[in-house]
Structures are given as C-alpha cells and as structure tokens.
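# A structural walkthrough
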Amino acid sequence: MEPGKNIIVIVDDEEMVLTSLSSFLNLETDYEVKSFTSANQALTYIADNEIDMVVSDYLMPEMDGMSFLAKVREIQPDVPRVILTGYADKENAIKAINDVGLFQYIEKPWDNEDILIIFRNGLEKKQLMRKLNEKIEQINKAYGELQGLQNDIIKTFV
Amino acid sequence: MDISQTELTRLRQSEEKYRRMIEMANDAIFSIDVDNGQILEANPRAEELTGRALEKLIGLPVWELHPAEEIGRAKNLFNNVVATGQGSVRDMEFIRPDKSRIIVNINSAMVEFGGHRIIQRICRDVTAKRALEAESKTMHQFFEYVLNLMPVGLGLKKDINATPTIVFENRKLQEMFHSDDDDPDHNHWYLDCKESECVDKREILGVNGIYGIEKKFHDGKLFLFNVSYYKMPDETWYELQMVQDITDQRKMENDLRRSNEELESRVEDRTRELRQKQSALAQAEKMASLGQLVAGVAHEINTPLGALKSNNDLFNRYFTRLFDRLLSDDCPEPIRNDPDLKKLYENISNLTAVNLTALDRIVAIVNSLRLFARLDRAEKDSFDIHKGLESTLTLVNHQLKGRIELIREYGQLPSISCFPNQINQVFMNILVNASQAIDNKGTIRIKTWYDKNKRVIIEFSDDGQGMEPKVVERIFDPGFTTKGSGIGTGLGLSIVHQIITDHDGTIEVTSSPEQGTTFKIVLPVINNH
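Below is a short write-up of the structure.

Thresholds, definitions, all that
Residues numbered from 1 in each chain as written. Chains lettered and ligands numbered in written order. Predicted model: local features only at pLDDT ≥ 70, side-chain atom pairs only at ≥ 80, totals over all residues. Heavy atoms only, no water. Helix = DSSP H or I, 4+ residues; strand = E, 2+ residues; numbered from the N terminus. Buried < 20%, exposed > 50% of the residue type's maximum accessible area, 1.4 Å probe, protein only. Contact = heavy atoms within 4.5 Å. Areas by Shrake-Rupley, 256 points an atom, 1.4 Å probe, with all protein chains shown as cover. Pairing = 2+ DSSP bridges. Axes fitted to C-alpha atoms, helices over the stretch in contact; angles between N-to-C directions. Phe/Tyr/Trp six-rings, centres within 6.5 Å; stacked < 30°, edge-to-face > 60°. Lys NZ or Arg CZ within 6 Å of the ring centre and 35° of its normal. Right-handed = clockwise from strand over helix to strand, strands pointing away. Arc of directions from axis to C-beta. Polar contact = N/O pair within 3.5 Å; in protein donor to acceptor, adjacent residues only side chain to side chain. Core = buried A, V, L, I, M, F, W, Y, C linked by side-chain atoms within 4.5 Å. Expected span 1.5 Å × (residues − 1). Left-handed = near helix turned anticlockwise from the far one by under 90°. Nonpolar A, V, L, I, M, F, W, Y, C, P; charged D, E, K, R; others polar. Patch = residues over 30% accessible without salt bridge, like charges linked within 9 Å, V, L, I, M, F, W, Y side chains within 5 Å. Salt bridge = Lys/Arg side-chain N within 4 Å of Asp/Glu carboxyl O.

## Examining the overall build of chain B
What chain B contains, in helices and strands, is 14 helices and 17 strands. Counting only residues that meet the buried cut, chain B has 36% of its 529 residues in that class. In chain B, the share of contacts with a sequence separation of at least 24, taken over all contacts with a separation of at least 6, comes to 55%. Roughly 31,600 Å² of accessible area belongs to chain B as shown, and the carbon and sulfur atoms make up 53% of that amount.

Laid out in structure tokens, this is it:
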C-alpha cells in the first residue's frame, strides 16, 4: 500500500460490477480499490485496515447492503458509505440514508462521471472529518496541557 | 110536405146507417139540450167512458160528468158553444161514479134539427195517449240525465251535409267547449269538424260510418273525436260525436314513455359502466401481477446493464486515448500513417457509438418498466395541471415543431393532489403517441375543464390516423404496440393507465380510422393514492 493513497472498498455479489467499477477507478483515479464478492470478507478486511470509502450493493445473498454498511459504521464511523441499487426506489433509499446514515446512493445503471463526483466528494468529506478530528485532538491536547498548567499554577499558589 | 114512400124508405135507411155509425164510433157522442145543458142522447161509447148507463146519462147536465174542479170550465165551454156555435177543449177529465178518471179531448158544435137547436159533442179518450206521452217524456228526461252524466262529451248534429244544426249536446260537451265563448277554437267545434279525409271515408263507407280524429286546440288541449254518422230514410244526415279530453292521458302516456326511455337508457348506462369497471378491474389485476414481475426483471437487468454501460464508457475513453497516442507525432511514421489503423479507428468509433445508443435505449425501456411497476415514487404533492402540461410540451417540442399545430383550451382548474412526475409521464406518453399518429401536418388539441363533481378533465385530441376498434380495445394492454419494433416498448399506455387508475382517475379513448384519437382523462382533485 502506497502511503497517501485513498482506499476504496467495493462489495457486490456480481463479479462484473466489481470488475467494471474497479477497472474504471483504476484507470481514471489513483484510488486503491479493494473489491469483494462477500460482505463478510470485506468486513474482515475493514477490521484490519483503515479505509477511506465503502460502496455496497443493496441486494446480496449473504448479507444485505444495509446491514453490511451498518457494521462498517460500527468499525470505522467516519468512512462515507455509498449504496448501489438496482431498484430506483427513492422512498426506500431515503429511508436507508436516514437509518444507516448513508453518504449517497447510486442507481444501476450508473453514470461513470457521477461516480467520479460522488467519490471525490466522499473522500473530501472523509478528509475534512479527519482534519476535524485532528483539530479536535489538538484542542483536547492543548486543553489537557492547559489543565496541567492550571493544576501547576494552583499547586504553586496553594 | 109529402114524402114519397120510396124517399121515406131511403131516409130511414140513411138514418139507420148513421145511427149504426154513431153507435159503433170509438168516441163518446152526446146530444145536449141547448137551453139547460142536459144530455138528450148518448152512444154506447159514452156510457163506457162516463161509466154510466144511458138512463143515468139522459137528463144529466153535461158539466156534471166532470170532476168538481173542472165544472166551472165545463160550463164555460157549454156557454161558449151556445154563444158562438162551436168550441173545443183539450185534456179535460171525466169522473166516473167509481171515482176513476179519464182524459178527453172535446169538440162541440151547434146543429139544427127541424127548427130545434141542439149541441152535439164528441169526446175522445186520450188517457192512454197522455200516459204514453208522459212515459215518453220521463224516458226522454231519463236518457238526457244519463247522457249528461257521461264522462265524455256527446253531441248530435243534423244536416251535416247542408247547414249543420245542433240537435243535442250533453253537459260534459258544454263544459268542454262553451267555458269560454270568446275562444274561436272551442266554439261550435262540431259545425266545422269536417276533415276532408273524413268526408272521403264517408263516401267510401256509404250510408253509415265511423271515424276518429285527434284535434289539438291552441290552448294545448287535445281532444279525441269519435264520430259516427248515418243517413236517415228522409235523406237527413246525422252525426254523433263522442269527444274525450285526452290532454292528461296523452301527457301521462308521454311521461310514461319518456320515463321508460330514461329508465332504459339508465340501465344501458349502468350496464356500460359496469362493463367498463369490470374491464378496468381486470386490467388493474393484470397490471398488479405484471408490476411485480416487472420490478424483479428491471432489477435483474440493471446490474448487467450497469456493468455494460460503465465498460462501454471506459472502453471508449481508452480506445480514444490509445488511438490518440498511436496517431500522435511520438509514434513512428509507419504506424502513424497506416491507413488500416485509421479505418480501424473509424469503425470502432462507430461501433462504440452504436453501443451507447443501444444501451441508452435499454436504459429507457428499463426506466419505463420501473415506472410501470411504480418503483419510482416521489413525494405526493399539490400539482398545477397546466404547468405540468407546459413543461411536458417543452420536452416533446422537438417532435411537434413546425409539423403539428397545438391548440390549448385551458379552463379554470384547481391544483390537484398527485405524484407530479407520474402525471407528467402520462402527458408525455399521450403527447408522444399523438405526435406519432400524425403522419405529416396536423393538430393536437388539449382541453381542460373542472366539472361539478370536483374532477379535473384533461382531453387530448389529435387528427392523426386513428385506430381500428380492435386496436382501441387493446391499447392499454402491456406489451401491445402498433409501432415498429425498436420504436415502441408497448408499455407507454399501460403505464398511463396504471398511473391514472392509481390516482383514482379514469381514462377513456375514442378513435376511428382517418378521424383521429381522443384521450379523456378524469382525475379527482383529492385521491387516496
């Protein structure tokens, strides 16, 4: 794994979807694509590796896309989650976005340009979240230091 | 004066002959003394009529034959005859000893016999005659009474071929026609009731005949005349008219006929409605089961379609990039200018373009299928039909432009509660069909109005090629298309039907070949969809 490369996880029980998407992303972007036909295998990978974005099919035999993404959220809450669906059922999609906290949903057949934009935005969000977390950490650290300093001052005076 | 024996014999014979005649006469004959009014002689009939024997009659003053109340009158008669030489009186009475009475007509005259003046009186018994007359009068009155009671007008006129005169008219008839004497129609109807056709009939039928005619008077009254006519032996024509006021009856008949017709047409309407509902129900069921199937199919197709579409896009990108590189100056000259390579490039470019078109068409079909299966639900919203129509017209404008004249007849419509994108889809499908039905130039008319049942009606009419009835029957069937393969999916109108039914609306189509087609959509303002 080259440092600084965004890692994208794609899960679909259909090999052809994985091949198409990963080929496209490999050719058009510098993302590192990890594709899985099994949601469980993907979860195993995610448990061990920090990832930047995850895309899952909606309807899969082993585990449905929503449950899978819910589990991903438990493991890595900041990763933008995208669902890929053959149903253009906007009502259900909206419900899912609210329930699982989806970043976006993509309809099959998808448009490659749309995909690019969604990924770019998702990764930007991830980046911003990370930066935000870093800032919060810095603030916490500074706050801790400040508190230590405060304690020292109190001790000195008391 | 000498009278010869022969003469005497002849006189005796003559006297005998007259005596016999007097004795046999059917009238009572009296000889009366002119001085005191006493009866001198009487014939047997006189005995019979007075109820007295001859010996009782002789010497009886003649007025004594009458009842007490007539004695004065009887004396007057006697005095009158004495004074003037004659007199007659009708309908006096004789009273008999048994108190029974008879009615007599009396004729008296003064005669002289050998210097003696006597009064001769002839009395005719008219009792029976008077009784008959009275009876006849009673009968007459009775019949008149009955005729007046009859609920129809009865009139009798005579001399109908010369100067008609009214012989009789009953009360009902008078009520019918004499209520308003200023009314020219009603007065003397019977005098001018000479229809030429009736005259003809009379001629055909001969002496007697009957016919009926209806006459309408200017006040709206309708009368039925049943006329019978006949010729009396004295050549006088009579006509009996029986007149019925059938105004109410005819009105009732007409009302009955009308309500009967109304009932029949209502039954017809209901039957048609029922049939329509049945077929709509069957249609809806078909759609529902098909919808589930289609939903599955659409989903299954979308996955491989997604891969294909993505790959084709990718292939096109890199193929172009590859050839750009091959044809660039960086490449060795033999490769760069290889004509086969150029040919290859052009052909492959064409093929990927065709692939893209083909894929887009598959996407469009699957989208129709999805819509049909109601997968593409958006939010229910308040919707302005006219805005929807206009936005749809913008989309199909390229199909209409310069070729089809658009006539808008928009009425005042309230906003309706619906799924706007679905209703727009309906407009789109119908408008595309209409434009395809018009071969060259033509007109599409869009008419909208709001009816009293709080429903919005949108009517699309084209003057295109129209359809045969057997085509019209099937146009809402999924998969049925008259367009060539590759042009229509056969789902357009099925989707339309499905959407309208889901909105609690109805869609009707009327079409005939060469005349064009009209789609009428009825939508409730509020539905439970």
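There is more to say, and it comes next.
## A few points about the sheet that holds strand β1 (residues 7-11) of chain A
Residue and element names in this part refer to chain A. What the 5 strands build is an open sheet, ordered β2-β1-β3-β4-β5; its pairing is parallel. The open sheet has two edge strands with one neighbour each: β2 (32-36) and β5 (104-107). The sheet shows a mean angle of 20° between the axes of neighbouring strands, direction not considered. Taken together, the 5 bridges between β1 and β2 define a ladder with parallel strand orientation.

## Quick notes on the packing of aromatic side chains
Residues and elements named next belong to chain B. The final tally for this structure, using the stated rule, is 11 aromatic pairs over all chains. Ring pairing ties together the aromatic residues F315, F319, F323 and Y345, which thus form one cluster. The ring of Y18 carries K17 above its face, with NZ or CZ at 6.0 Å from the centroid. Its guanidinium or amino end placed over the ring of W449, K447 lies 5.3 Å from that ring's centre, counting from NZ or CZ.

## A few points about the pairing of β1(A)
Residues and elements named next belong to chain A. Burial of β1 is extensive: 5 of the 5 residues sit out of reach of the surface. Alternating positions in β1 separate into two faces, I7, V9 and V11 on one and I8 and I10 on the other, with burial throughout. Traced from β1 through helix α1 (residues 15-28) to β2, the parallel crossover comes out right-handed. The pairing of β1 with strand β3 (residues 53-57) spans 4 bridges and is classified as parallel. Note on β3: the bridge partner recorded for I8 is M53.

## Considering helix α3 (residues 65-75) of chain A
Residues and elements named next belong to chain A. Taken as a whole, α3 has its buried residues at G65, M66, F68, L69 and V72. Taken down its axis, α3 places every buried residue within 160° of arc, on the same side. Where α3 starts, the residue carrying a side-chain oxygen 2.9 Å from the main-chain nitrogen of M66 turns out to be D64.

## Here we look at the pairing of strand β3 (residues 86-95) of chain B
A regular strand carries its side chains on alternate faces of the sheet. Residues and elements named next belong to chain B. Examined bridge by bridge, β3 and strand β4 (residues 101-113) share 8 bridges and lie antiparallel to one another. Bridged to M92 within β4 is V104. Joining the antiparallel neighbours β3 and β4 is a turn of 5 residues, in which K99 adopts a positive phi near 75°.

## Overview of the nonpolar core
Judged by nonpolar contacts, the single largest core of 39 residues is most densely connected at I385(B), F427(B), I430(B), I458(B), F460(B), I475(B) and I521(B). Broken down by element, this core gets its largest block of residues, 7 residues, from helix α12 (residues 420-437) of chain B.

## Considerations on α12(B)
Along its 18 residues, α12(B) runs 26 Å from first to last C-alpha, staying within 8% of the 26 Å computed at 1.5 Å per residue. Burial of α12(B) is extensive: 13 of the 18 residues sit out of reach of the surface.

## Things to note about the packing of α12(B) against helix α14 (residues 492-502) of chain B
Residue and element names in this part refer to chain B. Two elements in contact, α12 and α14, have axes separated by 9 Å at closest approach and are oriented at 145°. Both α12 and α14 take part in a crossing whose hand is left-handed. Two secondary-structure elements touch here, α12 through Q422, I423, Q425, V426, N429, I430 and N433 and α14 through G492, L493, I495, V496, I499 and I500. Here the contact of α12 with α14 is built from residues that sort into 8 nonpolar, 5 polar and no charged.

## Points about the sheet that holds β4(B)
Residue and element names in this part refer to chain B. Spatially, 5 strands are ordered β2-β1-β5-β4-β3 in an open sheet, and the strand pairing comes out antiparallel. Single-partner strands in this sheet number two, and they are β2 (39-42) and β3. Direction aside, the axes of adjacent strands within the sheet are offset by 30° on average. One ladder, built from 3 bridges, connects strand β1 (residues 28-33) with β2; its direction is antiparallel. Its bridge partner lying in β2, S31 is registered against E41. The strands that helix α5 (residues 127-149) touches are β3, β4 and β5 (116-125); relative to β4, the one it contacts most, it runs at about 135°.

## Focus on a nonpolar patch on the surface
Residue and element names in this part refer to chain B. Among the surface-exposed residues, M139, F142, F143, Y145, V146 and L149 lie close enough to one another that they form a single nonpolar patch of about 620 Å² accessible area. Tracing the backbone shows Y145 in helix α5. Classification of Y145 by relative accessible area gives exposed; the value is 53%.

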